[in-house]
Every structure is written in C-alpha cells, then in structure tokens.
Amino acid sequence: MLTLATEVEVMARFGRALADPIRCRLLLALREAPAHPSDLADRLGISRTRLSNHLACLRDCGLVVAVPVGRRARYELADERLGRVLDELRTAVVAVEADRTCPDATEKGCC
C-alpha cells in the first residue's frame, strides 16, 4: 500500500539523502539523465557494491526509482520536479560562520 509522506517527512528524507556526498553526486548525475548502475559506478568512480547501498538509500528515501529495462534496471529521479529542486539547491547561497564549530572541519572538509 502506497502512503503519502507529510511535508516534514519529505524534508527529512531529502536531508538524509543529501547528507552523503556520494548520494549528492548520484542525484546530480540522475538529474542529467537516467542511467544503469554499472554506468553510474564507472562515472562516480566507486564500486558497484557501494553504489548499490547508496541507491538503496535513495530508493528508501523515495527520491529515485528503478525502471526495468529487459533484464536490467535503469535508475531515474522519482519525480521530475526533483531536478529543479536540485538546481535550486546548487545555486542557493549558504552563509557559514568563519569560526567553524567542528574542530576537524579543515581536515575533513565538513561543516
């Protein structure tokens, strides 16, 4: 049975998906065009196992779907509007304090 998520649940799922750089890169790649997992793994330079785990997360978040094509599956964004949302996120200005709260921010490239 398909259920609709509340606005807050949708935002939380989107945040979970964006919390990992590989998933961000996957979403941006799928924003450009649907693709097969092997092509995505090659494009992103990651193992197919690792890619599979990230695709599972994105499927669980409801952001991508697997479309059967013969014996293979092709992945695409679950809703075409997600492409526009990703474009808006990429161009949004984020204000970040100069004194980061994470002591390892420079080393890890986070925060």
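Higher on the page you've got the structure.
Residues numbered from 1 in each chain as written. Predicted model: local features only at pLDDT ≥ 70, side-chain atom pairs only at ≥ 80, totals over all residues. Heavy atoms only, no water.

Quick look at helix 5 (residues 81-91) now. What helix 5 keeps buried is the set Leu-82, Gly-83 and Leu-86. Taken around the axis of helix 5, the buried residues stretch over an arc of 105 degrees, which confines them to a single face. In helix 5, those exposed residues whose orientation departs by more than 90 degrees from the buried face are Arg-81, Glu-88 and Thr-91. Next to the buried residues of helix 5 lie helix 1 (7-18), helix 2 (21-32) and strand 2 (72-77). (Buried < 20%, exposed > 50% of the residue type's maximum accessible area, 1.4 Å probe, protein only. Helix = DSSP H or I, 4+ residues; strand = E, 2+ residues; numbered from the N terminus. Arc of directions from axis to C-beta. Contact = heavy atoms within 4.5 Å.)

Turning our attention to the nonpolar core. Counting 23 residues, the largest nonpolar core has Leu-27, Leu-51 and Leu-63 as its most contacted members. Counting residues per element, the ones that place at least two in this core are helix 1, helix 2, helix 3 (37-44), helix 4 (48-60), strand 2 and helix 5. Here this core gets 5 residues from one element, more than from any other, and that element is helix 2. Other than its neighbours up to four places away in sequence, Leu-27 contacts Ala-17, Leu-18, Leu-58, Leu-63, Val-64, Leu-77 and Leu-86. (Core = buried A, V, L, I, M, F, W, Y, C linked by side-chain atoms within 4.5 Å.)

As for its position among the elements, Ser-38 is in helix 3. According to the relative accessible area criterion, Ser-38 is buried, its value standing at 17%. Ser-38 has contacts with Arg-48 and Arg-72, leaving out every residue within four places of it along the chain.

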